[in-house]
Amino acid sequence: MNFGLTELSDYQRAVEKEWLVTNGLGGFASSTVGGINARKYHGLLFAALQPPVERILLLAKLEEEVTVDGRIYHLGANLTAGGLHPQGNRYLQHFSLESLPTFTYAIENILIEKTVFMIYGQNTTVIRYNVHSGDGREVKIRITPMVNYRDYHNITRSNDWPFHQEAAGNGVIIEAFPGAAKLHLGGEGVVYHPGQGYWYYGMYYPIETGRGENPWEDHFMPGDFRVDIVGQGNFSIVASTQPVGQVDTAKLQQQEEARLARLVEEAGYQDEFLRRLVMAADQFIVERNSTGTKTVIAGYPWFTDWGRDTMIALPGLTLVTGRFDTAREILTTFAKYCKDGLIPNRFPDAGEEPAYNTVDASLWFFQAVYKFLQYTGDYDFIREKIYPVLKDIVRWHLKGTHFDIRVDHDGLIRAGNRETQLTWMDAKVDGWVVTPREGKPVEINALWYNGLKVMEELAGRFGEEREYYRELAERAKESFRRQYWNEAEGCLYDVVGEEKDGSVRPNQIIAVSLPFTMLDNEQEIRVVNKAWKELYTPYGLRSLSPRDPKYIGVYRGDRFQRDGAYHQGTPWSWLMGPFVTAYCKVNDYSPASRRVAGLMLRAFEGHLREQGLGSIAEIFEGNHPHGARGCIAQAWGVAEVLRAYVEDVTGESPYAANSL
């Protein structure tokens, strides 16, 4: 993944391409291929102080100044009220992202290579420089850190924080104010020179303007690092929440590159598209301090871990990639925190009670278990750790649990009311419920039936009465087929309640894609064709048909405008997985259908170069050309494209050899 002058010289194009590196804790570093911070979520060290949460920006940028024979060159590039200043991007001749983001600058006959990475398991970012002088001249380099201290959602303007500096070897320890987490800056081959400290005023973030957010920020510049190199040489800057000390950054870089290469090789795929997605999948699997186990970050740069997203993403992130121990950890954690038949929607900070305001996370849990068994055949683990929780979920849904989630007299699940947003279409702005789905949402009951069939199979295998679950499933199936079919549209109603919601939405595709479904073959074919005709885009299914008067085809503006469009036409990348699975299924996985499915998913191969490099965005615009929006890297988007490509297109997973 390489970018040359054509793409780098135009800074307006360069800021649209963003790189991301992560540390397995929820911390990250991110910016653009042009080296320009274009959103408030860009910076070199966002530390997760309570992994994977309490993310704090500690180091925004490094401003590099290069002196050759008395001539000064500034490699930095920042957008300000006066435009781009300095314009160091003019010296940037190449950007590459193989496993780690690398910038190459050319000044006269001198090349400077810069690589950024994080140490896995630490809130530490390393920036390594290699200098190559064509004629052996001395090169003087001064690097000034732009430090900060703020929650990653906020913005800092110049203030009275003292930013106390304390010398530490060849580096410095910076504390924004008493009690704040300390930033340790050091490195190899550099010497820190403390300064009086001053503010850099008015860095402009154009992406925040487009989101209706405050686009202006100030950063503190405490002093600078200096190094003189004659001929060839290298040096590094290390930013961390812990003491830096003496470090071998070349070895650390090799270790991180080897870790990523090992993940790719262990996944077992030769297709470069799949190998890239395997690396992307790793960014979402992180540690959670409060549980002591792995969890899944829903998306970068702003989401944390969510139950629904985790269950949907688990097969693609952990099973397709062969990370079975991680899958066990995640399933065990959510089983442990199941409460009154509900698994958490969200894990908050340590010491706080999880949030359970979701109806579908618990139902997706059954599907995650089904896929786990399909890939591992580890029934002993499920019987011991998970099966009792699955039984409890069914019991509570039949009895009735929180948020008015309960099985109705017809055997179908009813959930919540107009004010409680319990499905994935949960946008709500200042009391305005954008997509009220009061009653019995279609995908919820598709998942309920699927879960009951999974339980029927498990009960039989574990020597228990399976007829109980079969009867519950048959009752739900009979009611579903009677109530949900919309013959006029040739598809399924989105919600059945006091009235039937005939909005053509993608939720109905779940009723076809799941392994246990309630529709006959003709109905399944019509649902797939309906989705393909009205909802399909190259990057996912629209959340509402363009024929609907409520359809919104653009996703821009302030929070009110964006949330108003979130589920009213905006395509979601994760929905491409269920759609492809459903399409191949109704075509009996014929060679022709697999080829068409491959063409659909290959559109994402080009997307890997378009926004969050090497990853898949959360959402896109409904109208052509379907620009990427939302999170630059979304867990279930990556996971479902990866899963569907392996299972439905190639059919050659090296792992999926078992079945219920």
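Conventions adopted
Residues numbered from 1 in each chain as written. Predicted model: local features only at pLDDT ≥ 70, side-chain atom pairs only at ≥ 80, totals over all residues. Heavy atoms only, no water. Helix = DSSP H or I, 4+ residues; strand = E, 2+ residues; numbered from the N terminus. Buried < 20%, exposed > 50% of the residue type's maximum accessible area, 1.4 Å probe, protein only. Areas by Shrake-Rupley, 256 points an atom, 1.4 Å probe, with all protein chains shown as cover. Lys, Arg positive; Asp, Glu negative; His and termini not counted. Charge placed at Lys NZ, Arg CZ, Asp CG, Glu CD. Core = buried A, V, L, I, M, F, W, Y, C linked by side-chain atoms within 4.5 Å. Contact = heavy atoms within 4.5 Å. Pairing = 2+ DSSP bridges. Axes fitted to C-alpha atoms, helices over the stretch in contact; angles between N-to-C directions. Phe/Tyr/Trp six-rings, centres within 6.5 Å; stacked < 30°, edge-to-face > 60°. Parallel < 35°, antiparallel > 145°, perpendicular 65-115°, else oblique. Left-handed = near helix turned anticlockwise from the far one by under 90°. Polar contact = N/O pair within 3.5 Å; in protein donor to acceptor, adjacent residues only side chain to side chain. Nonpolar A, V, L, I, M, F, W, Y, C, P; charged D, E, K, R; others polar. Salt bridge = Lys/Arg side-chain N within 4 Å of Asp/Glu carboxyl O.

### Re the overall build of the chain
In terms of helices and strands, the chain carries 17 helices and 37 strands. With the principal axes as the frame, the chain shows a C-alpha extent of 85 × 50 × 50 Å. Expressed as a percentage of its 660 residues, the buried residues of the chain come to 64%. For the chain, the exposed area adds up to about 23600 Å²; of that, 47% sits on carbon and sulfur atoms. Side chains of the chain give 69 positive and 85 negative charges; the mean places of these two sets differ by 2 Å.

### Describing the nonpolar core
Counting 219 residues, the largest nonpolar core has I112 and F365 as its most contacted members. Filtering out sequence-adjacent residues up to four positions away, F365 remains in contact with M311, L331, F334, A335, I343, I386, V389, L390 and I393. Of all hydrophobic cores here, the second largest spans six residues; its members include V15, A38, A77 and L84.

### Digging into the pairing of strand β18 (residues 216–230)
The two faces of the sheet receive side chains in turn, since in a regular strand these alternate between them. Here β18 lies mainly inside the structure; 11 of its 15 residues are buried. Here strand β13 (residues 138–151) runs beside β18; their pairing, made up of seven bridges, is antiparallel. The residue bridging I143 from the neighbouring strand is F225, located in β18. Note that strand β17 (residues 191–204) and β18 share nine bridges and pair antiparallel. Paired with V191 across the strands is R226, a residue of β18.

### Focus on the sheet that holds strand β19 (residues 232–240)
Read across the sheet, nine strands follow the order β1-β9-β10-β11-β12-β19-β16-β15-β14 without closing on themselves; strand pairing throughout is antiparallel. Because the sheet does not close on itself, it has two edges, and the strands there are β1 (2–3) and β14 (164–168). As paired elements, strand β10 (residues 101–107) and strand β11 (residues 110–118) share six bridges and run antiparallel to each other. Bridging from a neighbouring strand, T104 pairs with E113 of β11. Along the sheet, helix α4 (residues 249–267) makes contact with β11, β12 (124–133), β16 (183–188) and β19, crossing β11 at roughly 60°.

### Some words on the sheet that holds strand β27 (residues 440–441)
Strand order across the open sheet formed by three strands is β27-β30-β31, with antiparallel pairing between neighbours. Two strands bound the open sheet, and with one partner strand each, they are β27 and β31 (500–501). In this sheet, strand β30 (residues 495–496) lies alongside β27 in antiparallel orientation, the contact comprising two bridges. When the sheet's bridge partners are listed, K440 is paired in β30 with V496.

### A word on the packing of aromatic side chains
Centre distance and the angle of the planes are the two values used to describe a pair of aromatic rings. Applying the stated criterion across every chain yields a total of 44 aromatic pairs. Ring geometry for Y129 and F235: centres 4.6 Å apart, planes at 5°, overall stacked. Taken together, the residues span a long stretch of sequence, with Y129 in strand β12 and F235 in strand β19 at a distance of 106 residues. Given a relative accessible area of 2%, Y129 falls into the buried group.

### Observations concerning the environment of V286
Summarising the element assignment, V286 is placed in strand β20 (residues 285–288). Classification of V286 as buried rests on a relative accessible area of 0%. Spatially, the C-alpha atom of V286 lies 10.0 Å from that of Y120, the residues being 166 residues apart in sequence. In this view, V286 contacts G24, L25, G26, P52, T293, K294, T295, I297 and Y300; residues no more than four positions away in its chain are not counted.

### Quick look at the pairing of β14
Across five bridges, β14 lies against strand β15 (residues 171–175) in antiparallel orientation. Opposite Q165, over in β15, you have I174 as the bridge partner. Linking β14 back to β15 in an antiparallel pair, the connection comprises two residues, with G169 at a positive phi of about 60°.

### Observations concerning the packing of helix α13 (residues 521–534) against helix α15 (residues 576–586)
Between α13 and α15, the least distance of the axes is 10 Å, while the angle of their chain directions is 135°. One way to sum up the angle between α13 and α15 is to call them oblique. Viewed along their axes, α13 and α15 form a crossing whose handedness is left-handed. Facing N521, E524, I525, V528, A531 and W532 of α13, the residues of α15 in contact are F579, A582, Y583, K585 and V586.

### Digging into the side chain of T115
Within the secondary structure layout, T115 lies in strand β11. For T115, a relative accessible area of 6% translates into the label buried. Here T102 takes part through its side chain, which lies 3.1 Å from a polar atom of the side chain of T115. When near neighbours in sequence (up to four residues on either side) are disregarded, T115 contacts L100, P101, T102, V126, I127, R128 and Q253.

### Comments concerning unusual backbone geometry
A cis geometry characterises the amide bond from P51 onward to P52, with omega recorded as 5°. Looking at where P52 falls in the secondary structure, it is placed in the loop between β4 (43–50) and β5 (53–68). Looking along the chain, the bond that leaves H85 and enters P86 is cis, with omega of -10°. Relative to the elements of secondary structure, P86 occurs in strand β8 (residues 83–87). Unusually for a residue other than glycine, D430 sits at a positive phi of about 50°.

### Brief notes about the packing of helix α7 (residues 324–336) against helix α9 (residues 379–399)
Where α7 meets α9, the closest approach of the two axes is 9 Å, and the angle between their N-to-C directions is 35°. As for the relative orientation of α7 and α9, their crossing is left-handed in sense. Residues R328, L331, T332 and A335 of α7 form the contact with α9, whose participating residues are F381, K385, I386 and V389. Class assignment of the residues belonging to the contact of α7 with α9 gives a composition of five nonpolar, one polar and two charged.

### Side note on the side chain of T124
With respect to the helices, strands and loops of the structure, T124 is situated in strand β12. Judged by relative accessible area, which is 2%, T124 ranks as buried. T124 has contacts with L45, F117, M118, I119, V238, A239, S240 and Q242, leaving out every residue within four places of it along the chain.

### Topic: the pattern of salt bridges
Applying the stated rule across the entire model yields 63 salt bridges. Between R39 and E18 there is a salt bridge, with the nearest N and O atoms lying 2.9 Å from each other. Of this pair, R39 sits in the loop between β3 (28–32) and β4 while E18 sits in strand β2 (residues 18–22), and the two are 21 residues apart along the sequence. Counted as one network, the salt bridges with shared partners bring together D404, R406, D408, D410, R414 and K440.

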